[in-house]
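Residues per chain, in single letters:
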Amino acid sequence: MAVAFVFGAVVGSFANVCIARWPLGLSVVRPASRCPRCKTYIAWYDNIPIISWIILRAKCRGCGLPIHWQYPLVEAITGVLFLCVYLKFGYSIATPIYMFFCAGLVIVTVQDVIDWTIPDEISIPGIPLGIAAAVLAWWMPDTGLRVDRIWDAVAGAALGGGIILTMDRITVLMLKKPGMGFGDVKLLAMLGAFLGWQGAIGTLMAASWLALLIGGPFILLAPKFMPSKNDDHEESEQVESEDAPEVLEVVIDPTPVPDMRPSEYDSDDGITLEGHYLPFGPFLAGGGMLFLFFGPEVVTWYLSQ
Ligand SMILES: [Zn+2]
């Protein structure tokens, strides 16, 4: 059990590197992590997940630059998730697969909160990987994997991507404003590949409830915290904003994440896009994890009623 948590914290540490570097187009392998201010390379004993942050009292050893709490938080959450996967799936092939599935979703969540993008590095390879997992489960007995039919994984990916795409089109046509980002399309396609067609639907339902219960009050209570935001951050023209509040600031390793949140955006057809934007990626990721742990049981229970 402790091994699962420690392994998760180490993977979470690597996830931090991905979160800091992917948006900048940098390699996650080289160079080694450095303090962005004093450029001191971070020694291995100062790079122990969670523990080093506490020992260093959240400051760079060289120059005292604060290290953001995002780092130990991501490590701790990934550690807890790995522990949950181990407790749920035990000694099986499913366990390492679902551990990395969860780690990917942690990256998606943090990235979407910080700069409102869902990393293609996770969602695009995630689709064939989810289908590959179903192939493995179909070919090999007792893997513990949730989806063991290839068509189910393919249908899940198609349905997941299709639902969000349709919702986006309908929103655009009816409300003349963007619904969901294309990043969400790829994300639910990936979740569907791992969780099957029922998983795609269940994840979206769980994500909608999470968004309603958590996101709704958040928007109502913190209107200043959430700047108005356009839709499709991946394909949209990015406008530098001066008054966008800092949600999370990455202060180390290797350079700070630039503020990529545009405050306003005019689409090609002249529609000015307004309104509060809440990233949906974290809710999809949360819904996907809920379905991973409880979904099939809930579906079975529901069908038996
Ligand atoms: Zn420093």
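Attention here is on the structure that accompanies the text. (Residues numbered from 1 in each chain as written. Predicted model: local features only at pLDDT ≥ 70, side-chain atom pairs only at ≥ 80, totals over all residues. Heavy atoms only, no water.)

## Regarding the overall build of the protein
Helix and strand content of the protein: eight helices and zero strands. Walking the protein from its N terminus toward its C terminus, one meets helices and strands in the order α-α-α-α-α-α-α-α. Taking all 305 residues of the protein together, the buried fraction comes to 48%. Considering only residue pairs separated by 6 or more positions, the protein has 71% of its internal contacts joining residues 24 or more positions apart. Counting only carbon and sulfur atoms, one obtains 68% of the accessible surface of the protein, whose full area is about 15500 Å². (Helix = DSSP H or I, 4+ residues; strand = E, 2+ residues; numbered from the N terminus. Buried < 20%, exposed > 50% of the residue type's maximum accessible area, 1.4 Å probe, protein only. Contact = heavy atoms within 4.5 Å. Areas by Shrake-Rupley, 256 points an atom, 1.4 Å probe, with all protein chains shown as cover.)

## Structural notes on the side chain of S123
Relative to the elements of secondary structure, S123 occurs in helix α5 (residues 120-139). The residues touching S123, leaving out its near neighbours within four places in the chain, are K186, L187 and M190.

## Examining the pattern of salt bridges
Per the stated rule, a full pass over the model turns up six salt bridges. A salt bridge links D120 to K186; the nearest nitrogen and oxygen atoms lie 2.7 Å apart. Taken together, the residues D120 in helix α5 and K186 in helix α7 (residues 182-221) connect sequence positions 66 residues apart. Close ionic contact of D148 with R149 constitutes a salt bridge, the shortest N to O distance being 3.6 Å. Its relative accessible area of 36% is what places D148 among the partly exposed residues. (Salt bridge = Lys/Arg side-chain N within 4 Å of Asp/Glu carboxyl O.)

## Considering the coordination of the zinc ion
Reference values for coordination geometry: four tetrahedral donors around a metal ideally subtend 109.5 degrees, six octahedral donors ideally subtend 90 or 180 degrees. In the first shell of the zinc ion, the protein supplies C35 (SG), C38 (SG), C60 (SG) and C63 (SG), at 2.2 to 2.3 Å from the metal. Around the zinc ion sit four donor atoms; with metal-centred angles ranging over 106 to 116°, the donor geometry is tetrahedral. Read in sequence order, the donor residues coordinating the zinc ion give the pattern C-x2-C-x21-C-x2-C. The buried category is assigned to C60, whose relative accessible area is 11%. Of the residues examined, C63 reaches a relative accessible area of 28% and is grouped as partly exposed. (Donors = N, O, S within 2.8 Å, 3.2 Å for Na, K, Ca; no water. Tetrahedral: all angles 85-135°; square planar, octahedral: opposite > 155°, others 65-115°.)

## Topic: the side chain of S52
Examined against the element boundaries, S52 turns out to sit in helix α2 (residues 51-55). Of note is the side chain of S52, whose polar atom sits 3.0 Å from the backbone oxygen of Y45. Not counting the four nearest positions on each side in its chain, S52 is found in contact with Y45, D46 and N47. (Polar contact = N/O pair within 3.5 Å; in protein donor to acceptor, adjacent residues only side chain to side chain.)

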